[in-house]
Every structure is written in C-alpha cells, then in structure tokens.
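# Close look at the chain arrangement
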Amino acid sequence: MTFPVLHIPVLGDGMTIALNAVVHVLISHGVAIGTTFMIVMFQTIHALGHGRFWQDSARSLLGTVVVITTSVGAVTGVGIWFITGILSPAGIGSLIHLFFWPWFIEWIAFTVEVIFLLIYYFLWDRLAEQHPRKLMLAGWGYLFSAFSSAVLISGILGFMLTPDGWPQGGEFVQAYFNPTFIPQCILRIAAGITMGALLAMGWTSWRFKGSTEERGKILRTCGWTMLIAGICTGVATFIYFSRVPETYLTHWKFAVATSAWSQNTKFLPAINIAAATCLLFAALAAMLRRHKLSLIMFIPCVILSIGMVTEFERVREFVRGPYLLPGYMYANQIPMVRTEASQAKNRNLLNSLSWINTTTDDAPYAVSGRALFDANCGVCHTIGGINDINKRLQGRTLEGVNAITSITENMMPFMPPFTGSEQERLTMSTYLYYMANKNIRPRPQLFKEKK
C-alpha cells in the first residue's frame with residue numbers, strides 16, 4: 001500500500017469516526033440548518049410587521065447557535081477530514097479523485113455560509129431596527145448556502161452506499177446522481193428543520209420572557225414546522241431505504257444493535273415507532289400552545305432524536321457490508337480487483353506494505369502477522385479493545401483460526417476476504433492464535449529472545 005496503515009487502539013477506527021461524525025451531523029443539521037432556519041423565519045415574520053417579540057425570540061437563540069456552530073461544529077467538521085484522512089487515506093483519495101469539483105464547490109459554499117452567519121450575527125443590532133429586510137436577506141443568504149452545502153455532500157454520501165452503475169461504467173454522472181441522492185437531500189434538510197423546530201420549541205418553553213399569548217404564537221409556529229418537516233423526513237426516509245439494495249437492508253438490525261439484540265425482531269421497530277410518536281405528540285402540544293406539556297416532552301424528544309440520527313448514520317455506514325465503496329473497494333481499503341488477483345495468483349501482500357514497523361521486540365513472524373492483521377482486519381477489529389479479535393478467537397485451535405481466515409467473507413456479511421498469499425494467511429492465523437491463547441503450553445514465542 002502507498003499509505004501507512006494506522007488504527008486507533010482500544011476504541012477502534014469505526015467508533016472513533018462514528019463519534020465524531022454523529023456529533024457533527026447533529027450540529028450541522030439540527031443547529032446550523034434547523035435552528036438557524038427557525039431564527040431566520042422568526043426574524044422574517046418580524047420584518048414583515050407581525051410583532052417585535054418574534055425578533056426578540058430569534059435574537060435570544062442566535063448567540064448560542066453561532067457559538068456552537070463555529071466552535072464544536074467547525075472542529076468536528078475538520079475532525080472528519082482529519083480522522084478519515086489518516087485512517088482511510090486510500091478511500092478518501094479515491095473519493096476526492098472522483099468528486100473533486102463537488103467537494104471544491106461545497107467548500108466554497110461552506111465558506112460563504114460562515115461569512116453570511118457572521119454578518120447576520122454581528123450586524124444584527126445595527127440592521128434589526130432600521131433595516132430589518134436587509135437583515136432578512138442576509139439570513140436567507142445563509143440558509144441558501146447551508147442548504148447548498150447539504151445538497152452537494154449528499155451526492156457523495158449517497159454514492160458510498162448506492163454507486164449505481166459507476167463500478168462498471170465509471171461515469172461521474174452515474175456516481176453523483178445515484179439512486180439515493182435526491183431522497184437523502186430532502187431527508188437531511190427536513191430532519192435538520194425538524195430538530196431545529198424541536199430545539200426552538202424547547203427554548204421558547206424554557207426561556208421566553210414575553211406574554212403568554214406571544215409565547216403561544218411561537219410555540220404554534222414551532223409545532224407546525226416540526227409536523228410538516230417531520231412528515232417530509234418520514235416520506236424521504238421511506239423512499240431512501242426503498243432504493244437501498246435488499247442485500248444491504250438485511251444487515252440493518254445487525255448494523256444497529258449487537259447480534260443478541262438483533263434477534264429480537266420487534267425491538268428496533270418498536271423503538272423507532274415510539275420515537276416518531278413522541279415527536280408527533282410534542283408537535284401537537286406545541287401547535288395547541290400547551291406550554292408545560294411542550295416543556296415536559298422536550299427532553300425525551302431530544303434524546304430520541306439523537307438516537308434516530310445515530311441509528312441512521314450507523315446504518316448508512318455499516319449496511320454496505322464489507323465495502324468502503326461497493327463494487328470497488330473493501331472496508332480495509334484494499335481494492336476488490338487486487339484481492340481477486342491476489343487470490344487467483346497466490347500473490348503476496350507484504351511486499352506492497354511499505355510502512356511496516358520492524359523496530360519492535362516482536363519476532364519476525366509476529367511482525368509480519370501483525371502487519372497482515374492491520375491491513376486485512378484492523379479497520380474493524382482491535383487487539384484488546386472494542387470488537388477484540390482475541391476474545392473472538394480465544395480457545396480455538398490453530399487449524400480452527402486458519403479455517404476462519406480462509407472463509408471470512410462467508411462467516412459474516414460485514415467481513416471482506418483475506419488479501420495475500422496462502423503462506424501469509426497462515427502467518428496471520430498463527431499470530432492471531434498465539435495472541436488469543438497466551439496461556440497455552442508451550443508458551444508462544446511472540447518476542448525476540450533477549451541475549
């Protein structure tokens with residue numbers, strides 16, 4: 001491989017990327033798009049002459065939104081690039097090679113988005129009273145940039161699950177305008193507005209200082225917005241998953257929960273129905289201007305919304321099984337054609353690994369075994385951490401371990417086949433066998449003998 005193979009110990013690569021990505025999605029969708037949409041809508045209603053309390057409510061939310069968006073949101077956004085860049089350089093390199101211009105334009109949209117947000121925030125006090133319509137235009141300019149950024153990134157995210165005919169045709173249009181592109185655009189924007197309306201509802205219930213009638217008008221607007229955006233989210237989600245290949249959909253329960261929980265076929269659907277019902281009742285409570293009920297339902301709705309966003313992102317990442325890019329590259333960044341060639345010609349993998357650390361105390365075969373494990377399995381398994389390979393192989397014989405590594409793609413739908421020669425597979429199996437059974441006799445000789 002051209003790039004070094006790096007993995008996060010204990011926590012694992014997947015969990016590290018997922019934690020950063022979920023936090024970023026919650027902020028970029030729920031705060032940067034959704035809550036700002038509510039702020040701009042409130043300010044627009046004031047600019048159109050429907051009462052100053054709309055503007056006061058929007059202003060009370062704006063400072064918090066700007067701080068969260070430009071701090072945690074920006075850091076986690078850069079964090080996605082940094083983490084995926086070091087853990088999956090071949091995958092990111094392939095995506096950049098294919099989607100250079102959409103990503104370039106998306107960065108311009110993001111820059112414009114930040115400029116509009118700062119203008120909106122710092123010129124608020126100067127424009128709000130004397131030129132509210134100019135302020136309104138700045139707000140909608142921000143939203144247009146934010147929506148454009150979401151649309152541009154959706155084409156790339158959709159490609160990673162449904163690349164359509166790109167692996168065969170190799171055309172950009174096939175890749176970008178893939179089957180899940182449009183429903184995912186609508187889903188992400190509508191879900192963001194739903195979360196934004198929920199946050200505005202909670203903020204209004206908790207912090208609004210105006211009269212009961214004024215608070216009721218804002219709550220009703222939040223409720224209607226949450227209901228309409230929530231229905232759009234549900235419809236877009238249904239269309240989105242109807243376009244995901246059936247083979248992938250069979251993985252979703254394993255992708256969301258552990259193997260034990262996935263056997264309970266009613267558990268996950270029941271949780272999702274309960275979450276949607278809770279959001280529906282929260283929207284109805286706000287529409288009916290029920291202040292205390294809206295306040296009570298706010299916390300459970302926020303928790304359930306975070307859960308649904310986490311579930312969607314996890315499903316989107318994991319259901320594509322052993323692939324990083326279906327039809328082109330496995331999750332371990334090894335292209336499919338390379339694996340097939342290796343299997344057909346019994347070709348070595350170690351010769352292409354240019355970044356093996358040979359300055360350790362490990363015995364030579366252990367160095368090779370660890371390098372082969374890192375290249376083939378390390379993206380999902382750790383040694384001693386989450387999804388610990390030692391626990392999975394503990395108690396098995398060397399022959400048993402070797403048999404498993406020969407049929408990994410048939411063991412579980414998420415595992416890619418081994419890439420390398422037969423001798424290399426035996427080397428990796430021996431290494432893993434010794435690592436998982438350190439108490440056996442004779443004791444394994446994993447390290448160089450000290451003189």
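Shown above is the structure to which this text applies.
Residues numbered from 1 in each chain as written. Predicted model: local features only at pLDDT ≥ 70, side-chain atom pairs only at ≥ 80, totals over all residues. Heavy atoms only, no water.

With that settled, the discussion passes to helix α3 (residues 89-98). Counting buried positions along α3 yields seven of 10 residues, so the element is predominantly enclosed. Every buried residue of α3 is listed here: P89, A90, G91, I92, S94, L95 and L98. (Buried < 20%, exposed > 50% of the residue type's maximum accessible area, 1.4 Å probe, protein only. Helix = DSSP H or I, 4+ residues; strand = E, 2+ residues; numbered from the N terminus.)

The next subject is helix α15 (residues 291-318). Helix length check: α15, at 28 residues, gives a terminal C-alpha distance of 40 Å against a target of 40 Å (1.5 Å per residue), a fit within 8%. Along α15, the largest kink reaches about 35° and is centred on F298; proline P300 follows within four residues of it. Of all the residues in α15, the buried ones are S294, M297, F298, C301, S305, V309, E311, F312, E313, V315 and R316. (Expected span 1.5 Å × (residues − 1). Bend = angle between axes of the 7 residues up to and from the residue.)

This brings us to the packing of aromatic side chains. Counted according to the given criterion, the structure contains 26 aromatic pairs. Look at F99 and F159: their rings are 5.0 Å apart centre to centre, the planes differ by 75°, and that puts the pair in the edge-to-face class. Taken as a pair, F99 in the loop between α3 and α4 (100-122) and F159 in helix α6 (residues 132-159) lie far apart in primary sequence, 60 residues in all. For the pair formed by F99 and F159, the shared burial category is buried. Ring geometry for Y240 versus F241: centroids 5.1 Å apart, planes at 90°, classification edge-to-face. (Phe/Tyr/Trp six-rings, centres within 6.5 Å; stacked < 30°, edge-to-face > 60°.)

This part is about the packing of helix α2 (residues 52-87) against helix α10 (residues 212-242). Direction vectors running N to C along α2 and α10 enclose 65°, while the axes themselves pass 10 Å from each other. Judged on the interaxial angle alone, α10 and α2 are roughly perpendicular. With respect to the hand of their crossing, α2 and α10 are arranged in right-handed fashion. Across from F53, W54 and S57 in α2, the residues of α10 making contact are E214, K217, I218 and T221. Of the residues contributing to the contact of α2 with α10, the split by class is three nonpolar, two polar and two charged. (Axes fitted to C-alpha atoms, helices over the stretch in contact; angles between N-to-C directions. Parallel < 35°, antiparallel > 145°, perpendicular 65-115°, else oblique. Left-handed = near helix turned anticlockwise from the far one by under 90°. Contact = heavy atoms within 4.5 Å. Nonpolar A, V, L, I, M, F, W, Y, C, P; charged D, E, K, R; others polar.)

Time to look at the environment of A47. Turning to its location among the elements, A47 is positioned in helix α1 (residues 13-47). The buried category is assigned to A47, whose relative accessible area is 9%. For the pair A47 and M136, spaced 89 residues apart in sequence, the C-alpha separation works out to 7.1 Å. Every residue in contact with A47, bar those within four places of it in the chain, is listed here: P132, R133 and M136.

Let us look at the pattern of salt bridges. Tallied over the full model, the rule gives 10 salt bridges. A salt bridge links R188 to E313, with the nearest nitrogen and oxygen atoms 3.1 Å apart. Of this pair, R188 sits in helix α9 (residues 181-207) while E313 sits in helix α15, and the two are 125 residues apart along the sequence. An identical accessibility class is assigned to R188 and E313; each is buried. In this structure, the salt-bridge partner of E213 is K217, at a minimum N-O distance of 3.9 Å. Taken together, the residues E213 and K217, both in helix α10 and four residues apart, mark about one turn of the helix. For E213, a relative accessible area of 54% gives the class exposed. The class for K217 is partly exposed, based on a relative accessible area of 29%. Salt bridges sharing common partners tie together R188, E313, R316, E317 and R320. (Salt bridge = Lys/Arg side-chain N within 4 Å of Asp/Glu carboxyl O.)

The next point concerns the nonpolar core. Of all hydrophobic cores here, the largest spans 52 residues; its most connected members are M38, I39, F42, Y120, W124 and M201. Counting residues per element, this core draws most heavily on α1, which supplies 11 residues. Every residue in contact with F42, bar those within four places of it in the chain, is listed here: W54, Q55, S57, A58, I218, T221 and C222. In terms of nonpolar packing, the next biggest core, distinct from the first, is built from 20 residues, C377, V401, M428 and A436 among them. (Core = buried A, V, L, I, M, F, W, Y, C linked by side-chain atoms within 4.5 Å.)

What follows covers a nonpolar patch on the surface. Together, I96, F100, W101, F104, I105, I108 and V112 make up a nonpolar patch on the protein surface, roughly 650 Å² of accessible area in all. When residues of the nonpolar patch are assigned to their parent elements, the largest contribution, six residues, is made by α4. Locating V112 in the fold gives a position in helix α4. According to the relative accessible area criterion, V112 is partly exposed, its value standing at 31%. (Patch = residues over 30% accessible without salt bridge, like charges linked within 9 Å, V, L, I, M, F, W, Y side chains within 5 Å. Areas by Shrake-Rupley, 256 points an atom, 1.4 Å probe, with all protein chains shown as cover.)

This paragraph deals with the packing of α4 against α6. Running from N to C, α4 and α6 point in directions that differ by 155°, and their axes come no closer than 8 Å. Judged by the angle between their axes, α4 and α6 are roughly antiparallel. Along this stretch, α4 crosses α6, giving a crossing that reads as left-handed. Each of P102, W103, I105, E106, A109, V112, E113, F116, L117, I119 and Y120 in α4 lies in contact with α6, whose residues at this interface are L135, A138, G139, G141, Y142, S145, A146, S149, L152, I153 and I156. Taken together, the residues that form the contact of α4 with α6 break down as 16 nonpolar, four polar and two charged.

Our next topic: the side chain of T194. Along the chain, T194 falls in helix α9. Residue classification places T194 among the buried positions, given a relative accessible area of 10%. Not counting chain neighbours up to four residues away, the residues in contact with T194 comprise M226, A229, G230 and T233.

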